[in-house]
Amino acid sequence: MTWDITGMAAVANIGATPEEIFAALCAGQESRKPLKAFDPDKYRAAYAYEIDDRPRGGDIPRRATRWLTTVVRQAVADAGLGEDLAQVPVLVGTTMREQRSLELWWRHDAQVALEDLHFGTALQADFGASTTYTFANACSASLYALGMATDMIDLGMADTVVVAGTDAATESGFGTLDRVQNDLPTALRPFDTTHKGMLMGEGAAAVVVQRAGTGSGPVHARVRGVSMNCDAHHATAPDPGGITRAVRDAYGRAGVRAQDIDLVMLHGSGTPRNDATESSVLRRIFQGAGPGPRMTAIKAMTGHTLGGSGLLSLVMAVLAMKNGTVPPVLGLADPIPEAAGLGLVQGSPASGDLNLAQIDAFGFGGINAVAIVEAAR
């Protein structure tokens, strides 16, 4: 069984539409900027991948909510749907929810009503959405939401589901990472020997998923299968076994083999443990599977957009398949030994016929999700 993706939208530090973001990824220009959200004197890390929409000299609450409503509005318009979502479930993946709004309320007495901390309040007000769910499944959250959407359609609970992910950088999250990472990253450099850790990004993405053949407009791509698990192996260190099971389960649900995959959108968080583990798992998965797929990691330009990162990678995978172009991994000059033999795209975009894409998303606590998406031909 497949599910049609009929609408897409995204916003990140490098663009306000999927097309802008994809073009920036292909251009491969450095996108990190000096930290603005918080007092840089308090932290070792001096850079982040923020969306530049704050007023000068301050911050504003509910940015994650605003991005969420923006991408939902754009995605349903792209799908040819009206903005009345009273009968359409909306599933949101996130890591921090509106934690930044709470920080602003606590520090600066920003006016934030309790009900406005829930994404469902804005979705109800803007779209009349009566069925909304928020999944706080760390960095895998939006792919978890995608998997739940396909289940809802399979069970006859809906023919159309909107899936989204959103996160704004929070000072508590940024500060925690700043203190627990052993080395000081000046940029997020996935799979390069110079990688030192993760830096936060901001953004949101949304897709409209429909029962195959029921949409009224063009189909961007088709979801073939989504797997998810929680191996609970370690609070922060990824488990090769849990990730391997997630990948193989995704193949089983999609009815594909490793040799069928043309593109892998890597989780690529830039932390030494993630990069080494993800690389090692994929080397085993694709061993003997022919030349193997092209691979890229967009966090090198977007930063780690947390709960929405999986869905943002998925939207970029759809555009890569449409354009027959894979953006390079920015800053990848000397791949780590574990990545030897993998088809990491370096330097400039790679061209080719792309039909099946694998999207990886792995979160703290062993929360893993993998999606398989097929090009619409």
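Quick caveat, the model's predicted, so the values are computed rather than measured.

1. Here's the deal with the packing of helix H1 (residues 18-27) against helix H10 (residues 309-323)
In step 1: Packing of H1 against H10 leaves a shortest axis separation of 10 Å and a crossing angle of 75°. Taken together, the axes of H1 and H10 are roughly perpendicular relative to one another. Mapping the contact onto sequence places Pro 18, Glu 19, Ile 21, Phe 22 and Leu 25 in H1 and Leu 312, Val 315, Met 316, Leu 319, Ala 320 and Asn 323 in H10.

2. Regarding the pattern of salt bridges
In step 1: By the definition in use, this model includes 19 salt bridges.
In step 2: For Arg 100, the salt bridge identified is with Asp 59, shortest N-O distance 3.1 Å. Separated by 41 residues along the polypeptide, Arg 100 in helix H3 (residues 99-108) and Asp 59 in the loop between strand E3 (47-48) and helix H2 (63-78) bring together distant segments of the chain. There is no split in this pair, since Arg 100 and Asp 59 are both buried.
In step 3: Three or more residues joined by partner-sharing salt bridges are found here, namely Glu 50, Asp 53, Arg 54, Asp 59, Arg 63, Arg 100, Glu 103, Arg 107, Glu 171 and Glu 202.

3. Some details on the sheet that holds strand E8 (residues 221-230)
In step 1: The 11 strands lie next to each other as E5-E4-E6-E7-E1-E8-E15-E14-E9-E10-E12, forming an open sheet whose pairing is mixed. A strand with exactly one partner marks an edge of an open sheet, and here the two such strands are strand E5 (132-135) and strand E12 (343-344).
In step 2: Bridge count between strand E10 (residues 294-296) and E12: two bridges; the pairing is parallel. Across the sheet, the residue bridging to Met 295 is Leu 344, located in E12.

Rules of the game
- Residues numbered from 1 in each chain as written.
- Predicted model: local features only at pLDDT ≥ 70, side-chain atom pairs only at ≥ 80, totals over all residues.
- Heavy atoms only, no water.
- Axes fitted to C-alpha atoms, helices over the stretch in contact; angles between N-to-C directions.
- Helix = DSSP H or I, 4+ residues; strand = E, 2+ residues; numbered from the N terminus.
- Parallel < 35°, antiparallel > 145°, perpendicular 65-115°, else oblique.
- Contact = heavy atoms within 4.5 Å.
- Salt bridge = Lys/Arg side-chain N within 4 Å of Asp/Glu carboxyl O.
- Buried < 20%, exposed > 50% of the residue type's maximum accessible area, 1.4 Å probe, protein only.
- Pairing = 2+ DSSP bridges.

Shape descriptors only; they carry no functional weight alone.
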